[in-house]
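Overview (structure and organization)
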2 protein chains.
Amino acid sequence: MVTMSDVAREAGVSMMTVSNVLTGRKRVGEPTRDRVLAAVESLGYEVNLTARHLRAGRTDTVALIVPSFHDYFGEVADRIAPLIEAGGRHLVVERTSADARSEMESLSLPRLQMYDGVFLSVAGLHADELDRVPSSAPIVLLGEREVPGRFDHVRLANVEGARLATAHMLERGARRVLALGGAVGSSAGMESDRQTGWAQAHRAAGLAPGERLVVPVPDFTSEAAFHAVVRLLDDGVPFDGVFAVNDTVAFGAVAALTERGVHLPDEVQLVGFDNLGVSRFVPPGITSVDPGYDAVAATAVRLLEQRMTGSDAPREHVTIPVQLVERGSTRRLR
Amino acid sequence: MVTMSDVAREAGVSMMTVSNVLTGRKRVGEPTRDRVLAAVESLGYEVNLTARHLRAGRTDTVALIVPSFHDYFGEVADRIAPLIEAGGRHLVVERTSADARSEMESLSLPRLQMYDGVFLSVAGLHADELDRVPSSAPIVLLGEREVPGRFDHVRLANVEGARLATAHMLERGARRVLALGGAVGSSAGMESDRQTGWAQAHRAAGLAPGERLVVPVPDFTSEAAFHAVVRLLDDGVPFDGVFAVNDTVAFGAVAALTERGVHLPDEVQLVGFDNLGVSRFVPPGITSVDPGYDAVAATAVRLLEQRMTGSDAPREHVTIPVQLVERGSTRRLR
DNA sequence: TCGGGCCGGATTAACGATAAACCGAGGAGG
DNA sequence: CCTCCTCGGTTTATCGTTAATCCGGCCCGA
């Protein structure tokens, strides 16, 4: 590996002069600069960022740590990346430990301080992992779980979104709306808030949110949702609406209903959550709760940059408003 | 920031002893170790990975650098991550510069050497950017473009896949199969190889791959594909099959056809490419060319690890076989 | 003519961790 | 009783870069 001192020797100058030429931080005489640049070129020198980072005490890099590269966080990543780059930093995306065998070591504290700042999704985390994270670190939490007040946190208006989604179907004549992917027993994930909204909408409409309408979906995969809905149909469980706790789950439901010849939205209406890019294109178009991705990204970046400047402003817990996007999976109100 | 020397002072030992306790590389006496661990605990010390990386000359980190977090590369990332972690390293995902304004600086050579190895998608790169990358670097290229022989490269059997896909529809009665997202003029991306396969299938069936059947889709987005297909329908262009150069494009086509009341697969058959996770759930189920993601990931990781061990084995250009996955968007052969 | 700037560049001293060499004390073996 | 080894540590030097300081001319104004 060719180092700065190789370049310095080749150009017959000191290392500092090479450094100054490359960073432009101090003036260097024309002829000297040319010699240095020529040496850089001929040796193929590239600065060692690891050394620079150690020396500088920062990495100019921000990490987004998520449980999966897909779906909601894929969308968020796409929005956050340009904002971070606009601030002169790089964004890297990491998964909370990929291997299921040892989810203990999923969150490595030493790795956190490699980054100038971190967006951390709390979805895949255990509560005690969060306890070990020092509040001094420039971290913004993302996700729908309850988190300690000592962190900045960006979340969605889950209750409101679920209420909107469910009310939307009830207004259009649905009477038995499933909570697909709903919380069974006690749960602290996004599904519990969304189920709360689902229940609220029922009560507001003078209906009882029946226990039997809550359908768990393991891992919230399309696959699991598909099978869950197929089973409901096989068992003859009556329903005329589906509130899917997220669009991934909704996909499975749509496939199951379509394959069984159940017409959307005439026989069953369906609303998802997250408004993924593809949802608009899944026939008949999935009505979905849009999280306001740009607002999520902008807020998260604002909070993180505030924290990275060393501000000791009080931590903020921001709830991003959501909006229902109407598509073909629900009926038109006439 | 609390450093190892703080811990050493607190515990009344040398820094090396602290280091040895934490890494376990040398034996340390019981009482001493306890004092060190107590000091670590009370000061809240975490090792500085940047310093460790500089000293060690490696980062134990591998990067996957892709144009977007979505679709094909999202799937690949999910497969590569566990394999890399199994090798004791971490995987981070980066986007080739998010901002469209300056795609020049998208590939920063200094950043490359921060990683022990790099998977680099060539999709978003200009040819000259690749020229600047030294062949000595442990890099494996991913993607469907032609690349210099001095790099390891993993690609898909694009021609074969497209041929399979198109022949599949022709065998089932289609006579006018669009190449949706096909190459107009000269192109070196995935679309040109896939269009070649589309044309081959036509000729093998004794048909002429008509110029008018090639429909460009800017940026290969669902949105653009949607509009392209809507325009075809409006213009009354006759077709009874669609080969979409990838599933994202296919989604747009499916939505356009469905919304216009064109029945899949009776009136128009459709095949995509990439077999994304969601494709199975998009009604009526998208027949798609499956890239063999596991093989892609395994091959890429094998090549990179070989390169990272310093092997000077000849560079390999591997073409991963593909397989057609039949679903509802094409007819059943009886 | 002399002191004070300024300019272009070299020297020094870190950033935080660790490999390698070193060293004192205690025990085993001849 | 002396040598040699092992154990449990310490010291030294280094990874590659850069902030801070220093230094020798040269020009300029008084």
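It should be emphasised that the depicted structure is a prediction, and the values quoted were computed from it without experimental measurement. (Residues numbered from 1 in each chain as written. Chains lettered and ligands numbered in written order. Predicted model: local features only at pLDDT ≥ 70, side-chain atom pairs only at ≥ 80, totals over all residues. Heavy atoms only, no water.)

For the rest of this paragraph, the subject is the protein's contact with DNA strand C. Inspection of the region around DNA strand C gives 26 residues, with Thr17, Gly29 and Thr32 of chain A together with Tyr45 and Arg52 of chain B positioned closest. One of the backbone nitrogen or oxygen atoms of Ala51 of chain B is found 3.4 Å away from a base nitrogen of DNA strand C. For the surface near DNA strand C, the elements supplying multiple residues, two or more each, are helix H2 (15-23) and helix H4 (49-56) of chain A together with helix H2 (15-23) and helix H4 (49-56) of chain B. Looking at the surface near DNA strand C residue by residue, the classes come out as 11 nonpolar, eight polar and seven charged. (Near = heavy atom within 4 Å. Polar contact = N/O pair within 3.5 Å; in protein donor to acceptor, adjacent residues only side chain to side chain. Helix = DSSP H or I, 4+ residues; strand = E, 2+ residues; numbered from the N terminus. Nonpolar A, V, L, I, M, F, W, Y, C, P; charged D, E, K, R; others polar.)

The feature "domain: HTH lacI-type" (unreviewed entry), as given by UniProt, occupies residues 2-56 of chain A in the numbering adopted here. For residues 2-56 of chain A, helix accounts for 71% and strand for 0%, while the C-alpha atoms at its two ends are 21 Å apart. (UniProt positions renumbered as here; feature names shortened; annotations may be inferred.)

Turning to the domain arrangement of chain A, a few remarks are in order. Entries for chain A in the domain assignment read domain 1 (4-47), domain 2 (61-156 + 293-322) and domain 3 (158-290). Inter-centroid distance (C-alpha atoms) of domain 1 of chain A to domain 2 of chain A is 39 Å. (Domains from an automatic or database assignment.)

As enumerated under the stated definition, the model contains six aromatic pairs over all chains in all. Through a chain of ring-to-ring contacts, the aromatic side chains of Tyr72, Phe73 and Tyr293 of chain A assemble into a single cluster. In this structure, Arg194 of chain A packs its charged tip against the face of Phe273 of chain A, placed 3.7 Å from the ring centre. Seen from the ring of Phe226 of chain B, Arg280 of chain A lies directly overhead, with NZ or CZ sitting 4.3 Å from the centre. (Phe/Tyr/Trp six-rings, centres within 6.5 Å; stacked < 30°, edge-to-face > 60°. Lys NZ or Arg CZ within 6 Å of the ring centre and 35° of its normal.)

Attention now goes to the interface of chain A and chain B. Contacts between the two partners involve 48 residues from chain A, matched on the other side by 48 residues from chain B. Note on chain A versus chain B: buried area summed over both sides is about 4300 Å², and carbon and sulfur give 63% of it. Connecting chain A to chain B are four salt bridges. Counting every contact that joins chain A to chain B gives nine residue pairs in polar contact (both at pLDDT 80 or more). Counting residues per element, the side of chain A that touches chain B draws most heavily on helix H5 (residues 71-86) of chain A, which supplies seven residues. (Contact = heavy atoms within 4.5 Å. Buried area = accessible area lost by both parts, 1.4 Å probe. Salt bridge = Lys/Arg side-chain N within 4 Å of Asp/Glu carboxyl O.)

A separate point is unusual backbone geometry. In terms of backbone geometry, most residues other than glycine have negative phi values and most peptide bonds are trans. All names here are of chain A. Each neighbour pair has its own omega, and for Leu264 with Pro265 the value is 5 degrees, a cis peptide bond. By the element assignment, Pro265 lies in the loop between helix H11 (247-259) and strand E9 (269-273). Residue Pro284 is reached from Pro283 by a cis peptide bond, and omega for that bond is 5 degrees. Here Pro284 shows up in the loop between E9 and strand E10 (287-290). Phi is positive for Asn275, which is not a glycine, with a value near 45 degrees. Among the structural elements, Asn275 can be located in the loop between E9 and E10.

With that settled, consider the protein's contact with DNA strand D. Residues in close proximity to DNA strand D total 25 residues, the closest being Met15, Tyr45 and Arg52 of chain A together with Gly29 and Thr32 of chain B. A breakdown of the atoms of DNA strand D within 4 Å of the protein gives sugar and phosphate a share of 58%. Within the side chain of Ser19 of chain A, a nitrogen or oxygen atom sits 3.0 Å from a phosphate oxygen of DNA strand D. A distance of 3.4 Å separates a base nitrogen of DNA strand D from a polar backbone atom of Ala51 of chain A. Of all the elements in the fold, those that place two or more residues in the surface near DNA strand D are H2 and H4 of chain A together with H2 and H4 of chain B. Across the surface near DNA strand D, the residue classes break down as 11 nonpolar, seven polar and seven charged.

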